[in-house]
Amino acid sequence: MLLPLLLSSLLGGSQAMDERFWIRVQESVMVPEGLCISVPCSFSYPRQDWTGSTPAYGYWFKAVTETTKGAPVATNHQSREVEMSTRGRFQLTGDPAKGNCSLVIRDAQMQDESQYFFRVERGSYVRYNFMNNGFFLKVTALTQKPDVYIPETLEPGQPVTVICVFNWAFEECPPPSFSWTGAALSSQGTKPTTSHFSVLSFTPSPQDHDTDLTCHVDFSRKGVSAQRTVRLRVAYAPRDLVISISRDNTPALEPQPQGNVPYLEAQKGQFLRLLCAADSQPPATLSWVLQDRVLSLSHPWGPRPLGLELPGVKAGDSGRYTCRAENRLGSQQRALDLSVQYPPENLRVMVSQANRTVLENLGNGTSLPVLEGQSLCLVCVTHSSPPARLSWTQRGQVLSPSQPSDPGVLELPRVQVEHEGEFTCHAQHPLGSQHVSLSLSVHYPPKLLGPSCSWEAEGLRCSCSSQASPAPSLRWWLGEELLEGNSSQDSFEVTPSSAGPWANSSLSLHGGLSSGLRLSCEAWNVHGAQSGSILQLPDKKGLISTAFSNGAFLGIGITALLFLCLAPIIMKILPKRRTQTETPRPRFSRHSTILDYINVVPKAGPLAQKRNQKATPNSPRTPLPPGAPSPESKKNQKKQYQLPSFPEPKSSTQAPESQESQEELHYATLNFPGVRPRPEARMPKGTQADYAEVKFQ
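The name an unreviewed UniProt entry assigns to the chain is Sialic acid binding Ig like lectin 10, from the organism Pan troglodytes. Taken verbatim from the UniProt record of the chain, the Sequence similarities (unreviewed entry) comment is "Belongs to the immunoglobulin superfamily. SIGLEC (sialic acid binding Ig-like lectin) family." What the UniProt record of the chain gives under Subcellular location (unreviewed entry) is the line "Membrane".

Asker: I'd like to hear about the overall build of the chain, residue by residue, with values.
Answerer: Scanning the chain from terminus to terminus reveals 4 helices and 43 strands. Contacts in the chain between residues at least 24 apart in sequence constitute 65% of all its contacts with a sequence separation of at least 6.

Asker: Can you explain the packing of aromatic side chains? Please cite residues and give values.
Answerer: With the rule as written, the count across this model stands at 13 aromatic pairs. Between Phe 21 and Tyr 128 the ring centres are 4.3 Å apart and the planes differ by 15 degrees, which places this aromatic pair in the stacked class. Here Tyr 128 lies in strand 10 (residues 126-140) and Phe 21 lies in the loop between helix 1 (2-10) and strand 1 (22-25), a separation of 107 residues in the sequence. In this structure Phe 21 comes out as buried when scored by relative accessible area, which is 6%. Residue Tyr 128 is classed as buried on the basis of its relative accessible area, which comes to 9%. Each member of the aromatic cluster is reached from another via a ring pair, and the members are Phe 21, Phe 43, Tyr 45, Trp 50, Trp 60, Phe 90, Tyr 116, Phe 118, Tyr 128, Phe 130 and Phe 135. For the cation-ring pair, Arg 239 lies above Tyr 236, with the distance from its terminal atom to the ring centre recorded as 3.9 Å. Sitting over the ring of Tyr 444, Lys 447 keeps its end group 4.8 Å from the ring centre.

Asker: I'd like a description of the sheet that holds strand 13 (residues 177-182), backed by residues and values.
Answerer: What holds strands together in a sheet is hydrogen bonding between their backbones, with the strands either parallel or antiparallel. Reading across from one edge, 13-15-16 is the order of the 3 strands in this open sheet, with antiparallel pairing throughout. Edge positions in the sheet fall to strand 13 and strand 16 (225-231), since each of these pairs with one other strand and no more. For this sheet, the mean inter-axis angle between neighbouring strands, taken without regard to orientation, is 15 degrees. Looking at chain direction, strand 15 (residues 212-218) and strand 16 are connected through 7 bridges and run antiparallel. By the bridge assignment, Leu 213 is partnered in strand 16 with Val 230.

Asker: Summarise the sheet that holds strand 10; cite the residues concerned and give the values.
Answerer: Strand order in the open sheet formed by 5 strands is 2-10-9-5-6, and the pairing between neighbours is mixed. Sheet topology places strand 2 (28-32) and strand 6 (74-75) at the edges, where each strand pairs with a single neighbour. Here strand 5 (residues 57-62) runs beside strand 9 (residues 114-122); their pairing, made up of 6 bridges, is antiparallel. Paired with Tyr 57 across the bridge in strand 9 is Glu 121.

Asker: Account for unusual backbone geometry, with residues named and values stated.
Answerer: Residue Pro 282 is reached from Gln 281 by a cis peptide bond, and omega for that bond is 0 degrees. With respect to the element layout, Pro 282 can be found in the loop between strand 20 (272-281) and strand 21 (285-290). That bond from Ser 469 to Pro 470 is cis: its omega, -5 degrees, falls within 30 degrees of zero. For Asp 49, which is not glycine, the phi torsion reads 60 degrees and is therefore positive. By secondary structure assignment, the location of Asp 49 is in the loop between strand 4 (41-44) and strand 5. Even without glycine at this site, Asp 240 takes up a positive phi of about 50 degrees. Position of Asp 240 relative to the elements: it lies in strand 17 (residues 236-247).

Asker: I'd like a rundown of the environment of Pro 283, residues and numbers included.
Answerer: Here Pro 283 shows up in the loop between strand 20 and strand 21. Assessed through its relative accessible area of 37%, Pro 283 is described here as partly exposed. Separated by 42 residues in the primary sequence, Pro 283 and Ala 325 have C-alpha atoms spaced 9.0 Å apart.

Asker: Help me get a handle on the nonpolar core, residues and values and all.
Answerer: In terms of nonpolar packing, the biggest core is built from 52 residues, with Trp 60, Phe 118, Phe 135, Leu 137 and Phe 202 touching the most fellow members. Sort the elements by how many residues they give to this core and strand 10 lands first, with 6 residues. Of the residues that make up this core, three or more belong to each of domain 1 (22-140) and domain 2 (147-232). Look past the residues within four positions of Leu 137 in its chain and what remains in contact with it is Val 29, Val 31, Phe 90, Ile 105, Asp 112, Glu 113, Ser 114 and Tyr 116.

Asker: Describe the pattern of salt bridges, naming the residues involved and giving the relevant values.
Answerer: Applying the stated criterion across every chain yields a total of 17 salt bridges. Linking Arg 89 and Asp 112 is a salt bridge whose minimum nitrogen-to-oxygen distance equals 2.6 Å. With Arg 89 in the loop between strand 6 and strand 7 (90-92) and Asp 112 in the loop between strand 8 (103-105) and strand 9, the pair connects residues that are 23 residues apart, well separated along the chain. Across this residue pair, the class does not change: Arg 89 and Asp 112 are buried. Glu 121 serves as the salt-bridge partner of Arg 119, at 2.9 Å between the closest nitrogen and oxygen. Look at Arg 119 and you get buried, because its relative accessible area is 4%.

Asker: Describe the environment of Ser 339, with residues and values.
Answerer: Of note, Ser 339 is situated in strand 25 (residues 330-353). On the basis of relative accessibility, which here comes to 13%, the residue Ser 339 falls in the buried class. A C-alpha to C-alpha distance of 8.9 Å links Ser 339 and Arg 320, two positions 19 residues apart in sequence. In this structure, Ser 339 is in contact with Tyr 263, Leu 264, Glu 265, Ala 266, Ser 318 and Ser 385, ignoring residues within four places of it in sequence. Polar contacts involving the side chain of Ser 339 include one to the side chain of Tyr 263, which spans 3.3 Å.

Asker: Summarise the pairing of strand 1; cite the residues concerned and give the values.
Answerer: Side chains Ile 23 and Val 25 project from strand 1 onto a buried face, and the interleaved Trp 22 and Arg 24 project onto a face without burial. Sheet topology note: the strand 1/strand 4 ladder contains 4 bridges and is antiparallel. Note that in strand 4 the partner of Val 25 across the bridge is Cys 41.

Asker: How would you explain the pairing of strand 37 (residues 492-499) if you had to name every residue and give the values?
Answerer: Examined bridge by bridge, strand 37 and strand 38 (residues 502-509) share 8 bridges and lie antiparallel to one another. Of the residues in strand 38, the one forming a bridge with Ser 498 is Ala 503. Here strand 37 folds back onto strand 38 in antiparallel fashion, the turn holding 2 residues, of which Gly 500 has a positive phi close to 65 degrees.

Parameters and conventions
- Residues numbered from 1 in each chain as written.
- Predicted model: local features only at pLDDT ≥ 70, side-chain atom pairs only at ≥ 80, totals over all residues.
- Heavy atoms only, no water.
- UniProt positions renumbered as here; feature names shortened; annotations may be inferred.
- Helix = DSSP H or I, 4+ residues; strand = E, 2+ residues; numbered from the N terminus.
- Contact = heavy atoms within 4.5 Å.
- Phe/Tyr/Trp six-rings, centres within 6.5 Å; stacked < 30°, edge-to-face > 60°.
- Buried < 20%, exposed > 50% of the residue type's maximum accessible area, 1.4 Å probe, protein only.
- Lys NZ or Arg CZ within 6 Å of the ring centre and 35° of its normal.
- Pairing = 2+ DSSP bridges.
- Axes fitted to C-alpha atoms, helices over the stretch in contact; angles between N-to-C directions.
- Core = buried A, V, L, I, M, F, W, Y, C linked by side-chain atoms within 4.5 Å.
- Domains from an automatic or database assignment.
- Salt bridge = Lys/Arg side-chain N within 4 Å of Asp/Glu carboxyl O.
- Polar contact = N/O pair within 3.5 Å; in protein donor to acceptor, adjacent residues only side chain to side chain.

In structure tokens form, the structure reads like this:
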């Protein structure tokens with residue numbers, strides 16, 4: 001209690017504890033530097049030793065200022081000097097005579113920060129310092145900025161109103177000055193300001209987009225001001241659309257343009273992220289479209305740019321991707337061509353046989369059977385990007401394509417035996433290669449060699465060979481009897497053998513053979529059949545051949561004529577052939593028969609002739625069976641001789657002529673040059689010349 005009394009006494013106070021003196025003022029006041037603030041204040045003092053006409057004086061002092069000697073910061077006493085630093089800035093706006101001690105502080109400065117107290121003087125008694133009830137002034141840095149109210153998007157060509165407000169109490173303070181700056185403004189754009197806000201009207205244009213508009217607030221102290229800058233957003237249609245690509249989470253790059261549309265190559269399985277961004281106001285709606293199918297869509301308030309992720313690109317992801325940006329003022333779009341590259345896949349061969357339109361798909365290692373003479377088309381098919389380079393090879397040799405524009409197509413107009421083997425299609429690609437092979441197996445009906453017969457000590461021995469694919473089967477007929485295996489009476493023995501496409505069969509006949517029987521060899525497979533026949537000729541005892549005995553009406557004269565004509569010819573041929581070959585043929589002996597010197601070569605029947613007419617002249621020659629005599633040994637064979645042909649009476653069990661799969665040889669012919677047939681030896685009516693030639697060696 002003593003310290004306040006002492007201070008009050010030292011500072012000029014005399015009523016330290018008089019409860020009739022009181023004051024109401026806020027304890028702390030805060031003001032930004034350079035701004036103005038009003039400090040409301042009221043007080044009371046006793047009515048003692050003063051009248052209504054007695055003047056009342058009020059003083060505001062900084063703390064620890066001696067009131068009798070020190071200068072106040074503000075007073076209503078005109079003859080009292082105030083502190084130089086506060087002169088004109090601190091003002092006692094209240095009337096002490098009415099108990100009002102309000103203070104206004106303008107242009108606050110940092111050195112103004114201090115504790116302040118109030119003193120009142122009236123008459124001789126009221127001389128009081130309110131030391132315990134002053135306020136503390138806190139001066140802060142000016143950080144407050146004005147607020148600017150403007151529409152988010154400005155429509156070009158449409159007037160707009162903008163308001164700038166500085167929120168501060170200016171009732172007792174001078175109003176600040178407002179000003180506007182910006183590229184979009186003209187001198188006619190501003191309006192008069194009020195005490196604490198300013199209104200601006202102007203008409204934006206498209207070029208005003210993204211320019212600055214600034215509101216300035218200047219206070220009384222020079223150099224103290226606050227400002228707020230806003231960026232104008234003038235509406236416009238989407239523009240500057242950009243597409244970028246990120247591969248395997250690498251930084252995004254723009255694709256390289258190729259023509260009018262950017263082109264992007266990616267390997268199958270690679271990670272891709274397509275990004276799309278556009279400049280527009282208001283923000284545009286973005287979308288990714290693949291061939292009219294929307295893949296991704298963003299809202300105007302969504303994240304920018306819009307991304308489309310392809311975690312592992314597939315072949316089906318190839319195509320044209322289009323990014324579209326659209327708002328109410330227009331739209332813009334840009335495309336990107338994506339090509340997914342991958343090596344050949346699902347390599348296969350499509351086959352068309354005999355001009356059939358139905359195609360067969362064949363995989364690697366497939367065996368393909370084709371009938372000789374048919375047409376064949378092989379088409380190599382695969383999926384790859386870019387397209388693989390296709391080629392055909394056979395036995396390591398590259399084949400020329402049938403269509404240079406499509407090297408995957410191989411055409412064989414007529415399949416020959418030489419075409420048999422492995423065909424391989426190669427698909428070559430920078431990312432990897434594949435090949436597919438198929439084995440071509442050429443099938444054809446039987447080609448018969450034989451039968452041929454010769455006498456041996458045990459009896460008659462005949463052999464027959466046939467070539468076909470698949471390998472043929474052979475069987476013997478003696479008349480209408482099928483000879484299979486070995487007979488129980490040992491009258492015949494059949495010995496078959498085979499090697500590749502060849503089938504061989506030998507027949508041994510024991511015992512006497514009746515005159516007039518026909519011996520036939522038949523070959524067949526799934527593609528047809530062929531048979532050849534020989535007739536029984538004179539045996540060792542000189543029996544007459546069935547072919548001649550059936551023509552008994554020719555008589556013994558024909559038989560005699562036959563042997564008379566044969567003898568000189570044979571005698572001429574044998575010496576001459578002896579000079580051409582190292583091993584001469586044996587001469588006639590008492591134990592020889594005409595079969596020892598005759599080869600009976602089968603001649604195809606009508607059906608076979610018809611088929612041979614369809615074959616090409618350059619068809620490959622049928623190879624000889626294993627063990628058969630080479631054709632080279634017959635180059636020096638003599639000119640054939642012709643005799644009249646004699647038909648054999650048809651058997652009652654003969655097969656119908658309509659059986660195309662069966663070909664038979666019905667007759668043997670002896671040909672002699674220069675010999676004319678007797679009139680009675682002409683061919684019987686109703687028969688056909690379906691004979692085998694008899695060649696003499």
